[in-house]
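Structural description and commentary
Listed here are the chains, written in short residue letters.
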Amino acid sequence: MSEFLDIVNENGLPTGRIVERSIAHLEGIWHRTSHVWLVRRKEETVQVLLQIM
């Protein structure tokens, strides 16, 4: 299953077009994204419990 991203211009404004994620990264096409990390400190280490990109 493909993931599609909204294309934005250099000011971060949506262009109304979409592109498949792999193509956006391959061709350097501007798009928005968010990264969510859920971490915890346990004793002397930090554990990553969840990572969504």
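Each chain has its residues counted from 1, running along the sequence as written. Where local features are concerned, this predicted model is filtered to residues with pLDDT of at least 70; where side-chain atom pairs are given and counted, the filter is 80 or more; whole-chain, interface and lining totals use all residues. Hydrogens are left out, water is left out, and the side-chain values use all remaining heavy atoms of the structure.

The subject of this paragraph is the confidence of the model for the protein. Across the protein, the average pLDDT comes to 93, with 98% of residues at or above 70. Scored from 0 to 100, pLDDT records how confident the predictor is in each individual residue. Each helix corresponds to a stretch of at least 4 residues labelled H or I by DSSP, and each strand to a stretch of at least 2 residues labelled E; elements are numbered beginning at the N terminus. When mean pLDDT is compared element by element in the protein, strand S2 (residues 14-20) scores highest at 98, while strand S4 (residues 45-52) scores lowest at 87.

Below, the discussion takes up the environment of Asp6. Tracing the backbone through its elements, the reader meets Asp6 in strand S1 (residues 4-8). Burial classes follow relative accessibility: with a 1.4 Å probe on protein chains only, a residue under 20% of its type's maximum area counts as buried, one over 50% as exposed, and anything between as partly exposed. The class for Asp6 is exposed, based on a relative accessible area of 51%. Sequence separation between Asp6 and Gln51 is 45 residues, and the spatial gap between their C-alpha atoms is 21 Å.

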